Amino acid sequence: MEHQDLNVSYAASSSFATTDAVLYAGFWERVGAYLIDAMVLWIPNTLIQFLVTGNLTGADENNSVNTLVLSTSLSFVLWTLYRSILESSTWQATVGKKALSLQVTTEEGERLSLIRALGRSLASLLSACIILIGYIMVAFTAKKQGLHDIIASTLVIKRK
């Protein structure tokens with residue numbers, strides 16, 4: 001599938017209208033949003049870790065590998081649901097993206113369905129597993145898309 005550059009402006013209806021250029025969110029803006037989201041999820045992740053392992057560090061000779069895997073898996077589920085639900089909501093952004101005036105849309109400028117947002121969140125695991133190359137792609141693609149954005153046909157744009 002060949003991508004065309006959109007010469008459009010962001011309309012209040014969450015779809016693109018033809019006039020101005022879309023402003024794509026760059027690599028460092030997206031890193032900043034991620035760091036804010038990591039801070040937002042730090043407390044619930046710490047609580048999950050404490051409830052599962054019985055301590056706040058997760059590292060303890062009394063914890064089995066199964067306990068640590070369960071704690072990590074629950075944190076991953078929390079992160080995935082957090083991203084998917086918020087990015088498919090009327091906000092179209094996580095707390096970090098909203099704080100930096102960023103928004104996730106389809107390539108047509110529409111709000112993501114929960115299924116597409118979930119697919120994007122799961123595809124981000126692939127972006128991470130290949131030594132973060134899927135995320136680094138944001139710095140080098142025309143529409144500032146990571147591998148997970150390309151897979152899900154999504155854009156991260158700057159709100160006007």
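Being a predicted model, the structure only gives us computed values, none of them experimental.

Visitor: So what exactly am I meant to see when it comes to the overall build of the protein here?
Guide: The number of helices and strands found in the protein is six helices and four strands. Order of helices (α) and strands (β) in the protein, N terminus to C terminus: β-β-α-α-α-β-α-α-α-β. Counting all 160 residues of the protein, 40% fall into the buried class. Long-range contacts, defined as pairs at least 24 residues apart, comprise 61% of the intrachain contacts of the protein with a sequence gap of at least 6. Accessible surface, the protein as shown: approximately 9,000 Å² in total, 67% of it carbon and sulfur.

Visitor: Honestly, the pairing of strand S3 (residues 102-106) in this entry has me stumped. Any pointers?
Guide: Of all five residues making up S3, five are buried, and the element is well covered by its neighbours. As paired strands, S3 and strand S4 (residues 154-158) are joined by five bridges and run antiparallel to one another. Residue Gln103 lies in a different strand from S4, and its bridge partner there is Ile157.

Visitor: Explanation requested: the confidence of the model for the protein in the structure shown.
Guide: In low-pLDDT segments, the atomic positions of the prediction should not be examined closely. On average, residues of the protein score 85 in pLDDT, and 82% of them are at 70 or above. Per-residue pLDDT stays below 50 along residues 1-14; that stretch engages in 37 contacts with residues further than four places along the chain or on separate chains.

Visitor: Help me out: how do you make sense of the pattern of salt bridges in this one?
Guide: When the charged atoms of two side chains with opposite charge come close together, those side chains can pair. Under the counting rule described, the total for this entry stands at five salt bridges. With a shortest N-O distance of 2.8 Å, Arg120 and Asp149 are connected by a salt bridge. Taken together, the positions of Arg120 in helix H4 (residues 114-129) and Asp149 in helix H6 (residues 147-152) put the pair 29 residues apart, joining distant regions of the chain. Comparing Arg120 with Asp149, the two get one shared label, buried. Counted as one network, the salt bridges with shared partners bring together Arg30, Glu87, Lys97, Arg120 and Asp149.

Visitor: Which parts of the structure should I look at to understand helix H2 (residues 65-87)?
Guide: Quick reminder: α-helices carry 3.6 residues per turn. Residues three or four places apart thus point the same way. Counted at 1.5 Å a residue, the expected span for H2 with its 23 residues is 33 Å, and the 33 Å between its end C-alpha atoms agrees. Listing the buried residues of H2 in full gives Ser71, Ser75, Trp79, Thr80, Tyr82, Arg83, Ser84, Leu86 and Glu87. Where H2 is buried, its residues touch helix H1 (27-53), helix H3 (95-99), S3, H4, helix H5 (133-136) and H6.

What counts and how
Residues numbered from 1 in each chain as written. Predicted model: local features only at pLDDT ≥ 70, side-chain atom pairs only at ≥ 80, totals over all residues. Heavy atoms only, no water. Helix = DSSP H or I, 4+ residues; strand = E, 2+ residues; numbered from the N terminus. Buried < 20%, exposed > 50% of the residue type's maximum accessible area, 1.4 Å probe, protein only. Contact = heavy atoms within 4.5 Å. Areas by Shrake-Rupley, 256 points an atom, 1.4 Å probe, with all protein chains shown as cover. Pairing = 2+ DSSP bridges. pLDDT = per-residue confidence, 0-100. Salt bridge = Lys/Arg side-chain N within 4 Å of Asp/Glu carboxyl O. Expected span 1.5 Å × (residues − 1).

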